Amino acid sequence: MKKIFGAITMMLTATLLLTGCGGSQSAKAQTIEGVGSGKHGDIKVSVTFEGDQIKDIKVNDQKENEVLAEPVYNELKETIVNGNSAEVDVVSGSTATSEGYLAAVKDAIKKSGISLAAVKGKKKVAKLDDKQDYDVVVVGSGGAGFSAAIEAAEAGKKVVIIEKMPTVGGNTLISGGEMNAPGNWVQKKLGITGDSVESYYEDTMKGGDNLGDPKLVHLMAENALASAEWLRDEVKVEFLEDQLFQFGGHSYKRALIPVGHTGQEVITKLKKKAEAAGVKILVDTKADELLQDKSGKVTGVAATYKENQEVKFTAKDAVILTTGGFGSNVKMRKEYNPEYDERYMSTDTEGTTGDGIVMAENIGAALTNMESIQTYPIANPKTGVISLLADTRFDGAILVNQEGQRFVEELERRDVISEAILAQTGGYTYQLWNDDIDGISKTKAAHEDEYDELIKDKLLVKADTLEEAADFFDIDPEALKDTVEKVNEYAKTGDDKDFHHRGGLVSLEKGPYYLEKAIPSVHHTMGGLVINQETEVLDEAGKAIPGLYAAGELTGVIQGSNRLGGNAITDIITFGRIAGKTAGNL
C-alpha cells in the first residue's frame, strides 16, 4: 500500500508540476524585434508579450524626424498596448512614420506566432478645464508662433500655444530652414562683401513685383540679421559656419543654413526655449472661433481639444494668429485662384488650411493678395513633397527638359521657373548635377533618406556617364551632351550666353552624375491678413482690431506676388518676435 500510495503521490506531484509549468509558459514574457519602413529608413522595435498580451514597445533604431515621431512613439504605443492590437489609425501629420512603426510592430507580432487576445481599448482621453485663462494665446506652433510666445513669456506674460496637429512645427519643421540675413557672420567668414539691408530690401520688393508693403518689407530687412543672431545666440540654433545658399532672385549668397539642412533644428530649439520660458504648449487643440467682447476687442479663442472637448481660452491681452497659409486647402486655393486646383499637389503639411485667415475674416479682418499662390519648382512627382536633395540647384545644378535642353535660368524666381517647367513636354523637368556640385552643396549627405527614396522610386539616377543618365529617362543622349558642353564652356568663361546664370555655372565635365525628375508643387500662399508694423490685424477700414495680432504666412503684405527662397524664416521669426514684444508691452 505504501508503494502504491507513494506512486500515486509522485504522479500527482508530477502532474501539478507540469500544470504549473504550462501555466507559467503561457504567461512568460518574451521580447521580439520587428522592422518596418518609415519615412527616413527602417524603424526597429522590440515588442514585449506576456501570454497573448502586448505589454510594451520600445524603439531600438530609427532615423525619423524627432518632432513628427514623438506622438507616434508615445501616443500610438499607448493605443496599441491598451487595445492589444496594431490595427489602429495613423497619427495625422506623421503618416509615413506611423505606417513604418505599425509595420514594425506587426512584424514582431507575426514573428511571435501569438494570437492576440481581443481587448476592448481603454484609451484614456485627457481632459482640460473647460475655461483656460491666459494673458496671451498664440494659435499655431511654427516658427512665428514660437517666436511670439517666447518674447511674450519673457516679458512676463502667461502664454499658451494651441496647435491643431498632433505635433508642433508646422511648415517650418519640414522646410529646409534656410534664412536670409544680409551682412551675416558667414558672409564675412567667406569674404562675401557688398550685401546690405537695402540690397536685400530691393531684391525682396522686386521678387514680389513691388506688391509688398514697403514699410513692412523694410522692417523685415532691417531686422533680418538681428533675428538670425537671436536664433543663434538666444535660442541656440546651430547654423553651418562655412556655407550659404543663394536662392533665386537674390543678388548675394545670404541664406544661412541650419545644421541638418532642415527646419527640425530650428523648431527643436525653439520648443526647448519656449518650455524654459514657461510657455504652455497644447497639441491636438483646434482653434474654431475668435471671441470678442461688446467693444469688439478679441478676448480669446474657442477651441476643440482632442476632437471632443470644447474649451475656451481667454486672452487678457492678446491673441496672436500664426496658423500659416492655405496651400493644403484645395477648395480655398480654387476660390481665390482657380489655376491651383486638384492637379497640383502641395509641399505643405496637411494642417496648412487657412484656419487663421478664415477666423479673422469672420470678425471683419481685411484680406489682400489672396490670388497669389506660389509653386516650388522642384518637387517629388509622386508625393508633391519639396526636394531638399535638389538644393544643388543653388550651387550650379542645371535644369533640362525631356529633349535634354536647358529652358530657364536656374536661379530665377520660383514662379518663373515653375511656369517654364509647366510649358515643357509633360510639364516636368530634370535636374542634373555631379559630385563636384554635391561637394559644394553637401545635400546628398544631409538628405540621405530622400536620396534613397528617389532612387527606389526611379525618380533619380546616379550614372557614371551622361549617356547612361539620359538613357534612364529616355532623353536623347546627344542632345544632353551638347547642352552640357555648352554649360562647361560657359562655366570656363563665366558668361552664360543662353540664360545669364547670375551665380555662375559650374563645370559638369566629370561624373558621376545625378539626374532627378521633378514637378512644381504648391508651396506658399502670399495672400492673407493685413497687418501694420506692430503686427496688429487691420479691418477693411484700415483700423486695428483690438487684441488681435498676426505673423507669418497667414499675413498678406510682405511677400507681394512671389516669395523669394529663404525669406519665409526671416519673415516668421522677425514678425513673430515683433508680435510677441508688442503683446508683452500691453
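Coordinates for the structure precede this section.
Please read all numbers here as calculations on a predicted model, not as lab measurements.

Caption draft 1: Inspection of the overall build of the chain at higher detail. The helix and strand tally for the chain stands at 18 helices and 21 strands. The C-alpha atoms of the chain give 28 Å as radius of gyration, which agrees with the globular expectation for 586 residues (25 Å, within 12%). A principal-axis box enclosing the C-alpha atoms of the chain has dimensions of 115 × 70 × 45 Å. Residue pairs at least 24 apart in sequence account for 71% of intrachain contacts in the chain once pairs closer than 6 positions are excluded. Accessible surface, the chain: about 24800 Å² in total, of which carbon and sulfur atoms supply 50%. Counting 65 positive and 92 negative side-chain charges, the chain places the averaged centre of each group 8 Å from the other.

Caption draft 2: Focus on the pattern of salt bridges. Following the criterion strictly, the structure yields 32 salt bridges and no others. Taking the shortest distance from any N to any O, the salt bridge between Lys-131 and Asp-133 comes out at 2.6 Å. On the accessibility criterion, Lys-131 (49% relative accessible area) is partly exposed. Two residues, Lys-316 and Asp-317, come together in a salt bridge whose shortest N-O distance is 3.2 Å. Given the relative accessible area of 10%, Asp-317 is considered buried. Overlapping salt bridges, with partners in common, bring together Lys-157, Lys-316 and Asp-317 in one network.

Caption draft 3: Examining the sheet that holds strand S6 (residues 179-180) more closely. Taking strand neighbours across the sheet as the criterion, the three strands line up as S6-S8-S7 in an open arrangement whose pairing is antiparallel. In this open sheet, the two edge strands, each paired with only one partner strand, are S6 and strand S7 (239-245). As defined by bridge partners, S7 adjoins strand S8 (residues 255-258) across three bridges and the pair is classed as antiparallel. Along S8, the bridge assignment pairs Phe-245 with Ala-255.

Caption draft 4: The arrangement of the sheet that holds strand S2 (residues 41-50) in detail. Spatially, S1-S2-S3 is the arrangement adopted by the three strands of the open sheet, whose pairing is antiparallel. The strands lining the two open edges of the sheet, one partner per strand, are strand S1 (29-38) and strand S3 (53-61). Mean inter-strand twist for the sheet, computed between neighbouring axes without regard to direction, equals 25°. The pairing of S2 with S3 spans seven bridges and is antiparallel. Among the inter-strand pairings, Val-45 is bridged to a residue of S3, identified as Val-59.

Caption draft 5: Quick look at the nonpolar core. In terms of nonpolar packing, the biggest core is built from 95 residues, with Val-137, Leu-270, Leu-290, Phe-313, Val-319, Leu-321 and Leu-548 touching the most fellow members. The element contributing the most residues to this core is helix H8 (residues 214-235), with 10 residues. Non-local contacts of Leu-321, meaning those with residues more than four positions away in its chain, are made with Val-139, Leu-290, Gly-356, Met-359, Ala-360, Leu-529, Leu-548, Tyr-549, Ala-550, Ala-551 and Leu-554. With 30 residues, the next largest nonpolar core counts Leu-389, Tyr-451, Ile-475 and Tyr-514 among its residues.

Caption draft 6: Here's a closer look at the side chain of Asn-562. With respect to the helices, strands and loops of the structure, Asn-562 is situated in the loop between strand S21 (544-550) and helix H18 (567-584). Side-chain polar atoms of Asn-562 contact the side chain of Gln-374, separated by 2.8 Å. Sequence-distant contacts of Asn-562, that is, excluding residues within four places in its chain, are made with Gly-207, Gly-208, Gln-374, Arg-413, Arg-414, Asp-415 and Met-526.

Caption draft 7: Structural context of the packing of aromatic side chains. In total, this model carries 12 aromatic pairs according to the counting rule given. Summarising the aromatic geometry, the rings of Phe-247 and Phe-394 are spaced 4.5 Å apart at their centres and angled 65° between planes, so their arrangement reads as edge-to-face. Taken as a pair, Phe-247 in the loop between S7 and S8 and Phe-394 in the loop between strand S14 (373-379) and strand S15 (398-400) lie far apart in primary sequence, 147 residues in all. In terms of burial, Phe-247 and Phe-394 fall into one category: buried. In this arrangement the basic side chain of Arg-232 is found over the ring face of Trp-185, its NZ or CZ atom lying 4.2 Å from the centre. The ring of Tyr-451 has Lys-444 lying over it, and the distance from NZ or CZ to the ring centre is 4.9 Å.

Caption draft 8: Local environment of unusual backbone geometry. For the bond from Gly-511 to Pro-512, the omega torsion is 0°, close enough to zero to count as cis. Secondary-structure assignment places Pro-512 in the loop between helix H17 (477-493) and strand S18 (513-525). Phi is positive for Asn-210, close to 60°, though the residue is something other than glycine. Turning to its location among the elements, Asn-210 is positioned in the loop between helix H7 (197-207) and H8. One non-glycine residue, His-261, lies in the positive phi region at around 60°. Structurally, His-261 is set in the loop between S8 and helix H9 (264-276).

Caption draft 9: Fine view of the packing of helix H4 (residues 143-154) against H9. Two elements in contact, H4 and H9, have axes separated by 9 Å at closest approach and are oriented at 25°. Between H4 and H9, the angle is such that the two are roughly parallel. The two elements H4 and H9 meet at a crossing, and its hand is left-handed. For the pair H4 and H9, contact is made by Gly-143, Phe-146, Ser-147, Ile-150 and Glu-154 and by Ile-267, Leu-270, Lys-271, Lys-273 and Ala-274, respectively. Grouping the constituent residues of the contact of H4 with H9 by class yields five nonpolar, two polar and three charged.

Caption draft 10: Just the environment of Asp-42, in detail. Relative to the helices and strands, Asp-42 is located in strand S2. Asp-42 sits in the partly exposed class, given a relative accessible area of 44%. In this structure the C-alpha to C-alpha distance between Asp-42 and Ala-104, which are 62 residues apart in sequence, comes to 8.7 Å. Not counting the four nearest positions on each side in its chain, Asp-42 is found in contact with Val-35, Gly-36, Ser-37, Asp-61 and Gln-62.

Caption draft 11: Structural view of the environment of Ile-80. Within the fold, Ile-80 resides in helix H2 (residues 66-83). By relative accessible area, which is 0% here, Ile-80 ends up buried. Expressed as a C-alpha distance, the spacing of Ile-80 and Asp-56, which sit 24 residues apart in the sequence, is 9.2 Å. Apart from the residues within four sequence positions on either side, Ile-80 is in contact with Ile-54, Ile-57, Ser-85, Ala-86, Val-88, Tyr-101, Leu-102 and Val-105.

Caption draft 12: Region of the structure containing the pairing of S1. Sheet topology note: the S1/S2 ladder contains 10 bridges and is antiparallel. Bridge pairing in S2 places Thr-31 opposite Thr-48. A loop of two residues connects S1 with S2, the two strands running antiparallel in sequence.

Procedures and definitions
- Residues numbered from 1 in each chain as written.
- Predicted model: local features only at pLDDT ≥ 70, side-chain atom pairs only at ≥ 80, totals over all residues.
- Heavy atoms only, no water.
- Helix = DSSP H or I, 4+ residues; strand = E, 2+ residues; numbered from the N terminus.
- Rg over C-alpha atoms; globule rule 2.2 N^0.38 Å.
- Contact = heavy atoms within 4.5 Å.
- Areas by Shrake-Rupley, 256 points an atom, 1.4 Å probe, with all protein chains shown as cover.
- Lys, Arg positive; Asp, Glu negative; His and termini not counted.
- Charge placed at Lys NZ, Arg CZ, Asp CG, Glu CD.
- Salt bridge = Lys/Arg side-chain N within 4 Å of Asp/Glu carboxyl O.
- Buried < 20%, exposed > 50% of the residue type's maximum accessible area, 1.4 Å probe, protein only.
- Pairing = 2+ DSSP bridges.
- Axes fitted to C-alpha atoms, helices over the stretch in contact; angles between N-to-C directions.
- Core = buried A, V, L, I, M, F, W, Y, C linked by side-chain atoms within 4.5 Å.
- Polar contact = N/O pair within 3.5 Å; in protein donor to acceptor, adjacent residues only side chain to side chain.
- Phe/Tyr/Trp six-rings, centres within 6.5 Å; stacked < 30°, edge-to-face > 60°.
- Lys NZ or Arg CZ within 6 Å of the ring centre and 35° of its normal.
- Parallel < 35°, antiparallel > 145°, perpendicular 65-115°, else oblique.
- Left-handed = near helix turned anticlockwise from the far one by under 90°.
- Nonpolar A, V, L, I, M, F, W, Y, C, P; charged D, E, K, R; others polar.

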